[in-house]
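Summary of the model geometry
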Amino acid sequence: MKDRCWFTVGGLAALLLSGLAVAAPPTAKRSSSPFVQTDGTSFTVNGSKFRYVGANSYWLPVLNTEQDIWNTLGNISAVGAKVVRVWAFNDVATTPSNGTWFQLVQNGTVSINDGPNGLQKLDTVVQMAQQHGLYVTLTLTNNWYPSLSNSTGSSLQSRGGTTEVTLPRNYLSNDYGGMDLYVHQFGLQYHDQFYTDQTILNAFQNFTSQVVSRYVNSPAIFSWELANDPRCGSTFPTSGSCTTETITEWHATMAQYIRSIDPNHLISSGTQGFMCTDCPKLYPLSPTPTPQPSPAPGSKKRSGPVTTEQLLRKRAESRRLNRRAAKLAGKLKEDGIRVRGRWTATATRRQQAPEVGSASDGSYGVDSQDIMNIPDINFGTFQLFPDQDSYAPNDPSLSSYQNVVNSGVDWITNQAQSANAVGKPLVMTAFGLVTQNNSADFVPFNMTTAPYATEDPYGVTNQQQTDAYSTWLNTSVSLNLAGMVQYQWGQQNLTAETGTTISPGLTGITPSSGTTGTSSNSDTTGVSPNDGYSSNTNQNGVQSVMSSTAQNIAPN
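Bear in mind the structure is a predicted one, so any value in this text is a computation, not a measurement.

1. Regarding the pairing of strand β2 (residues 42-45)
Of the two faces of β2, the one holding Ser 42 and Thr 44 and the one holding Phe 43 and Val 45 are both buried throughout. The pairing of strand β1 (residues 37-39) with β2 spans three bridges and is classified as antiparallel. Across the sheet, the residue bridging to Thr 38 is Phe 43, located in β2. Once β1 ends, the chain turns through two residues before running back antiparallel as β2, passing Gly 40 with a positive phi of about 65 degrees. The pairing of β2 with strand β3 (residues 48-50) spans three bridges and is classified as antiparallel.

Structure follows, in structure tokens:
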């Protein structure tokens with residue numbers, strides 16, 4: 001085991017809180033700064049180009065022991081990952097009797113928990129990550145908090161639906177508070193009021209300043225991520241007045257606020273990467289891209305933004321080629337496994353008028369290109385979750401599985417083009433695909449229960465997941481993405497304590513019969529939370545793909 005050098009919380013706080021200044025965004029030409037910076041479409045640190053594979057572990061601060069945090073970070077580092085993405089928020093409406101929480105949001109007031117079960121646990125994560133040679137992306141809030149609208153809380157059913165298991169707080173990624181908790185506790189009713197109400201903005205900025213100022217001088221921080229998957233809609237209804245400009249303006253306000261506190265670290269959005277190819281821009285590309293001659297050998301050509309015409313043309317050509325290939329192979333009829341039951345491809349879809357689709361037409365109120373071009377936003381972000389989002393109409397000539405893989409490749413390709421047009425680095429901050437072994441635990445981000453727990457195993461096989469991840473990562477590498485972050489890391493042999501997120505009797509894979517997430521049990525070990533994407537069920541496959549990609553992009 002590596003020698004451990006754990007600092008005291010007091011010493012760490014003194015180290016991190018010293019000195020605040022206002023400065024330009026951290027953009028540099030290969031400077032020797034220990035903080036991660038940008039250089040065109042690349043990251044640099046200590047004068048060298050920095051490209052990475054990473055892992056999502058939103059739950060790291062809620063683990064029960066420092067040893068568990070240390071071991072988890074060590075295992076992540078061991079596969080060659082360089083960045084871990086963690087929730088830096090944990091909002092509650094009432095003070096819990098046990099477990100971790102960072103902020104109380106109650107009846108229009110907020111208070112920060114700076115104690116040993118509060119932000120000091122985040123201190124431990126940051127400190128230990130640095131000792132393992134890892135950087136940390138800290139996400140400041142979440143678009144999703146469906147537990148607020150479900151009085152019974154979150155639950156799973158064992159396969160067959162005979163045993164319901166209540167999940168402990170913080171088990172699911174959408175059970176850490178977030179935007180809708182602010183809206184509810186400040187007496188409002190629409191999700192998008194989080195972006196527009198000045199009182200809520202002040203409260204969120206108060207929390208943000210407490211976290212950001214804590215680590216302003218820590219080189220372990222990779223970036224501040226404003227929110228996970230911000231968009232106009234959530235569990236709470238939308239007012240009807242939310243547009244892409246609403247979301248973009250909020251990003252600009254928050255990025256400028258953080259930059260006034262922290263001159264050292266990168267700032268990013270955290271969006272899914274949704275586009276609006278025909279929307280007006282608050283931050284248009286300047287100058288507007290024009291057709292360019294072929295670049296000289298060895299030089300890079302700056303692409304134009306993704307357009308509606310381009311998307312429709314590429315899809316039509318792809319369908320034509322796939323149909324020809326399927327016809328030659330005698331396989332025009334759907335012949336793949338079902339990944340999403342609602343994605344049944346039919347020949348009649350070919351006769352419908354072409355549409356660019358909700359992921360690219362602004363339906364979600366997100367224009368990722370416009371957000372990326374905000375001066376204080378340092379790089380672009382997107383996510384890839386085919387089990388929860390549709391990125392394009394299915395091609396009826398392909399199997400369901402091949403449609404999933406191809407749509408992922410196209411999504412990555414379009415995101416890379418958009419980032420190249422802006423001229424900033426691009427990170428796939430989360431990607432995941434549900435396997436049959438994880439189907440009983442799959443809880444979509446906007447839900448509190450597992451919809452497929454009572455069905456036959458749903459999803460792809462472990463090998464198909466491994467192959468899809470390999471294809472997506474190879475595509476990302478070839479398109480010069482600066483970072484690729486798997487969702488989510490799975491960790492075993494954790495300390496289980498009754499009443500906490502890692503509770504006895506909850507396996508994190510499929511709940512044990514007759515137990516609950518908060519019941520007393522003789523078990524003393526547990527595994528990390530699983531919302532349907534944990535790598536615990538395909539550990540060898542997922543980790544091998546991560547490791548090989550990390551080696552592929554490692555500097556010579």
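2. So, the pairing of strand β14 (residues 380-384)
Among the five residues of β14, five are classified as buried, and the element is accordingly described as predominantly covered. Here β14 shows no split at all, with Gly 380, Phe 382 and Leu 384 on one side and Thr 381 and Gln 383 on the other all buried.

3. Observations regarding the nonpolar core
Core analysis: the biggest nonpolar cluster contains 113 residues, and Leu 138 and Trp 472 have the highest contact counts within it. No other element matches the nine residues that helix α10 (residues 400-422) contributes to this core. Excluding residues within four positions of it along the chain, Trp 472 makes contact with Leu 384, Pro 386, Val 404, Val 405, Gly 408, Val 409, Ile 412, Phe 431, Gly 432 and Leu 433.

4. Section: helix α6 (residues 198-214)
Along its 17 residues, α6 runs 24 Å from first to last C-alpha, staying within 8% of the 24 Å computed at 1.5 Å per residue. All of the buried residues in α6 are Ile 200, Leu 201, Ala 203, Phe 204, Gln 205, Phe 207, Thr 208, Ser 209, Val 211, Val 212, Ser 213 and Arg 214. Where α6 begins, the side chain of Asp 197 points an oxygen toward the backbone nitrogen of Thr 199, at a separation of 3.1 Å.

5. Some words on the packing of aromatic side chains
Using the criterion set out here, one finds 36 aromatic pairs in the structure. Ring geometry for Phe 194 and Tyr 195: centres 5.7 Å apart, planes at 85 degrees, overall edge-to-face. Note on Tyr 195: relative accessible area 6%, which makes it buried. By way of ring pairs, the aromatic residues Tyr 58, Trp 87, Phe 89, Tyr 176, Phe 385, Phe 442, Phe 445, Tyr 452, Tyr 458, Tyr 487 and Tyr 533 are connected into one cluster.

6. With respect to unusual backbone geometry
Omega for the peptide link from Tyr 487 to Gln 488 comes to -10 degrees, which places this bond in the cis form. Summarising the element assignment, Gln 488 is placed in the loop between β16 (483-486) and β17 (494-495). For Asn 170, which is not a glycine, the phi torsion comes out positive at approximately 75 degrees. Mapping Asn 170 onto the fold places it in the loop between β11 (164-166) and α4 (179-185). Classification of Asn 170 as buried rests on a relative accessible area of 1%.

7. Examining the sheet that holds strand β6 (residues 91-92)
The strand order across the open sheet built from three strands is β6-β7-β8, with neighbouring strands paired in mixed fashion. For this open sheet the edge positions go to β6 and β8 (109-112), each flanked by a neighbour on one side alone. Pairing of β6 with strand β7 (residues 103-106), which is carried by two bridges, proceeds in the parallel orientation. When the sheet's bridge partners are listed, Asp 91 is paired in β7 with Gln 103. Packed on one face of the sheet, α6 meets β7 and β8 and runs near 5 degrees to β8.

8. Notes on the pattern of salt bridges
The tally for this structure, following the rule as stated, stands at six salt bridges. One network of salt bridges, in which partners are shared, links Asp 114, Asp 123 and Arg 214.

About the cut-offs
Throughout, a residue's number is its position along its own chain's written sequence, starting from 1. Thresholds applied to this predicted model are a pLDDT of at least 70 for local features of residues and 80 or more for the giving and counting of side-chain atom pairs; totals over whole chains, interfaces and linings are not thresholded and use all residues. To obtain the side-chain values, all non-hydrogen atoms of the structure were included, while hydrogens and water were left out. Three labels apply to residues, based on accessible area from a 1.4 Å probe with only protein chains included: buried if under 20% of the type maximum, exposed if over 50%, partly exposed otherwise in between. Every helix listed is a DSSP run of H or I at least four residues long, and every strand listed is a run of E at least two residues long, numbered separately from the N terminus. When DSSP finds two or more bridges between two strands, those strands count as paired. Nonpolar cores are built from buried Ala, Val, Leu, Ile, Met, Phe, Trp, Tyr and Cys residues. Side-chain atoms within 4.5 Å join them into one set. Throughout, a contact is declared for two residues whenever any of their heavy atoms are within 4.5 Å. A helix is expected to reach a length of 1.5 Å times the quantity of its residues less one. Whenever a nitrogen or oxygen atom comes within 3.5 Å of another N or O atom, the pair is scored as a polar contact, on the condition that within protein one atom can donate a hydrogen and the other can accept it, and that pairs from neighbouring residues in sequence are kept only if both atoms are in side chains. Between the rings of Phe, Tyr and Trp (Trp by its six-membered ring), a pair exists once the centres lie within 6.5 Å; its type follows the angle of the planes, with under 30 degrees stacked, over 60 edge-to-face, and the other angles tilted. Interaxial angles span 0 to 180 degrees and are taken between N-to-C directions of axes, which are lines fitted to C-alpha atoms, for helices over the stretch in contact. By definition here, a salt bridge exists when the distance from a side-chain nitrogen of Lys or Arg to a carboxyl oxygen of Asp or Glu is within 4 Å.

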